[in-house]
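Listed below are the residues making up each chain.
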Amino acid sequence: MTRQTLSFQAEVQQILHLVTHSLYSNKEIFLRELVSNASDACDKLRFEALDHGALWEDAPNLEIRVFFDKDAKTLTIRDNGIGMSAEEAVAHLGTIAKSGTKEFLSKLEGDKKKDANLIGQFGVGFYSGFIVADRITVLSRRAGAVPEEGVRWSSAGTGEFEVEPITRAERGTDVILHLREGEEDFLSTWRLKSIIAKYSDHISLPILMKKEEWDSEKKEQVLKDEWETVNKAAALWTRAKSDVTDAEYQEFYKQISYDSAAPLAYTHNRVEGRTEYTQLLYIPGKAPFDLWNRDKRGGVKLYVKRVFIMDDAEALMPVYLRFVKGVIDSADLPLNVSRELLQESRDVKAIREGSTKRVLGMLESLADSEDAAERDKYAGFWKEFGAVLKEGIGEDHANQERLAKLLRFASTQADAGVSFADYVKRMKEGQEAIYYITADNLATAKSSPQLEVFRKKGIEVLLLVDRVDEWMLTHLYEFEGHALQSVAKGAFDLGKLQDEEEKKKAEEAAESFKPVLDRLKTALKNRAKDVRVTTRLVESPACIVVDEGDMSGHLSRLLKQAGQDAPKSLPTLEVNAEHALVKRLDSDERFDDLAQILFDQALLAEGGQLEDPAAYVQRVNRLLAA
Ligand code: ADP
Ligand code: MG
């Protein structure tokens, strides 16, 4: 390879522009990012060296050094980790392989605080160096390569960078920041130490800086040629709980999650027994931008005996808990464990079950807390992650009962926060089932004709408007012995909630109404499998219901939106024999138009779409003009 000048990938150019022009607060995080890259590089070396001992060369002690040169105005972060070849430097420091860059850019553009912290969230930490530097030079050599295969990478953070070969005896990387005018205060041992203490204390490698000493002649601090370790250099989760402060737990969360908000809860345990491991798990307060991507890997890092093995080890958490962040450190797994092996390991299964229980336990203690502030936290959690937790009802049968207690809904009595237990407490004398309705949104749900009789009788109905609800209901049939019953499915039967007189009246109406029903059935034979009289309506003339085993209109619409075929089965039209419109049907010569309109309106009321809206409009207009 010879000296080359290359252009940054377009996305990188955009990021660089934003980094250098719009991040003003929390500038100091560049050091966290560069130290974290140095630490990652050491982790990678340790991992690759498991199979290739020669990579250690003759330097078995992994470490990070931070030092500066006041005259040259440079700050250097040095590691003796895996290093980079010239090709890797071009690829890793000139392009971004990850998805999410667009989201990052739009978030950055929209952020009023111009918070540099955002950068870590999107895995483009290296470029944060340009917040404080107007040139970055990287000197590197990959572990195991000959000294002549070193590389010098350099850029002013605008459109281009240069690479050229160099000879470098030591493996690993120097990142040299040429500080911008005005950023000289980073050339201070005290300042750098305090940033490292704030962000990088838990890094399990030693971070070394030069000792400083007071020179009484010069009357200033001077650097000695002696190095000292400036961080605790013990992974936080390996420390005893009693030795870790709440502030340290909080800070650690920020580092692994890049979330600037505090976590809702965390748990730290050493688990002993058949399989031994340490877990440190956090529940975030805010959903990440890609929560809905079920392929996204989990947020739990796997370590084996303190050696970092992999990020996002999805086998450690069920998919429905993919928002959980943290660390699992196993004492039993082999160091060379792969993702495939993880899927099959019995130890991993035990870890996943144990961790799932812990997370559910954390949620339960928030949800059931005596303390209103804790319960508020749960309400906040539910808003952000409730729909994801619902996936667990179908995915995790072993914990279904515990999960069902954690569910919260809107209902005809409260817009949010109703649990099954709350509902059961408010059930009417003689009520056996838990009633619900599914709809596309709260407004449609609330105005459903099917709710009319429930309103009249003061019976609460749960309003289920999340996309996952229908799916969830195919896995959940009851809560503590009370069947879950859709108010839009099956023949209407309130059992003991209806008195004899009401039932008799309904039967009589059905009898005397039979000729009209027969005419309606004929008129609607292509649209409804049956037409019958109902007592579930009070104000509306008609509504649509489906059979117990059939798919609700809401679900078949969801399937259609997702591009899937919904099995075609006709619904039943129920009519309110007490309604003026229905009463005069029989004597009206426009019977056919009225029958179709009745059906169309019932469909519209449940949020459905008309197959032929123009025909509907024409029919209504004919009536209006008459
Ligand atoms: P991330 O760390 O999330 O991958 P960064 O922007 O911080 O993103 O770094 C980009 C890439 O550059 C890293 O993934 C790594 O391959 C490479 N890199 C950065 N710093 C170092 C280093 N000190 N040693 C080896 N490789 C590094
Ligand atoms: Mg990084």
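Please refer to the structure higher up on the page.
Within each chain, residues carry numbers counting from 1 in the order of the written sequence. Lettering for chains starts from A, numbering for ligands starts from 1, and both go in the order in which the items are written. Given that this is a predicted model, residues contribute local features only at a pLDDT of at least 70 and side-chain atom pairs are listed and counted only at 80 or more, while totals for whole chains, interfaces and linings are drawn from all residues. Only heavy atoms go into the side-chain values, all of them from the structure, while hydrogens and water stay out.

A. Seen up close, the site of ligand 1. Residues in contact with ligand 1 amount to 13 residues; listed here are only the nearest, Asn37, Asp79, His92, Gly125 and Phe126. A 3.5 Å cut-off defines polar contacts: any pair of N or O atoms within that distance qualifies, except that in protein one atom must be a possible hydrogen donor and the other a possible acceptor, and neighbouring residues in sequence count only when both atoms are side-chain atoms. A distance of 2.8 Å separates an oxygen atom of ligand 1 from a polar atom in the side chain of Asn37. In this structure, a nitrogen atom belonging to ligand 1 sits 3.4 Å away from a side-chain N or O atom of Thr173. Note on areas: these come from Shrake-Rupley sampling with a 1.4 Å probe, and a residue is covered only by the protein chains present in the view. In isolation ligand 1 offers 540 Å² of accessible surface; the protein chains occlude 83% of this area. Secondary structure elements follow DSSP: runs of H or I no shorter than four residues count as helices, runs of E no shorter than two count as strands, and numbering proceeds from the N terminus. Considering each element in turn, the shell around ligand 1 owes the most residues, three residues, to helix α2 (residues 29-48). In terms of residue class, the shell around ligand 1 is built from five nonpolar, five polar and three charged. Only a single heavy atom is needed: when it lies within 4 Å of a molecule or strand, its residue is near that molecule or strand. Classes in brief: Ala, Val, Leu, Ile, Met, Phe, Trp, Tyr, Cys and Pro nonpolar; Asp, Glu, Lys and Arg charged; the others, Gly included, polar.

B. Seen up close, the pairing of strand β3 (residues 74-79). Taken across its six residues, β3 has five buried, putting it largely inside the fold. As paired strands, strand β2 (residues 64-69) and β3 are joined by six bridges and run antiparallel to one another. Among the inter-strand pairings, Ile64 is bridged to a residue of β3, identified as Asp79. Strand pairing follows a simple DSSP-based rule, namely that at least 2 bridges must link the two strands. Counting the residues that bridge the hairpin from β2 to β3 gives four residues, and of these Lys73 lies at a positive phi of roughly 55°. As judged from the six bridges shared by β3 and strand β7 (residues 172-179), these two strands associate in the antiparallel manner. Paired with Asp79 across the strands is Thr173, a residue of β7. Partly exposed describes any residue whose relative accessible area lies between the buried limit of under 20% and the exposed limit of over 50%, with all areas from a 1.4 Å probe on protein chains only and scaled to the type maximum.

C. Summary view of the packing of aromatic side chains. A pair of Phe, Tyr and Trp rings is counted when the ring centres sit within 6.5 Å of each other, with Trp represented by its six-membered ring. The angle between the planes then sorts it: under 30 degrees is stacked, over 60 is edge-to-face, the rest tilted. If you walk through the whole model with that rule in mind, you get 20 aromatic pairs. A ring pair is formed by Phe30 and Phe186, whose centres lie 5.1 Å apart and whose planes are at 90°; its orientation type is edge-to-face. Note that Phe30 is positioned in helix α2 and Phe186 in the loop between β7 and α6 (189-199), a separation of 156 residues in sequence. Phe186 carries the same exposure label as Phe30, and that label is buried. Measuring from ring centre to ring centre gives 6.0 Å for Trp237 and Phe252, while their planes differ by 50°; the resulting arrangement is tilted. You can see Trp237 sitting in the loop between β9 (220-229) and α7 (246-257) and its partner Phe252 sitting in helix α7, a full 15 residues away along the chain. Each of the two residues, Trp237 as well as Phe252, counts as buried. Distance and angle both matter: a charge sits over a ring if NZ of Lys or CZ of Arg is within 6 Å of the ring centre and within 35 degrees of the ring normal. Positioned above the aromatic ring of Trp227, the side-chain terminus of Arg65 is 4.6 Å from the ring centre.

Such coordinate-based values are descriptive only and should not be taken to indicate function.
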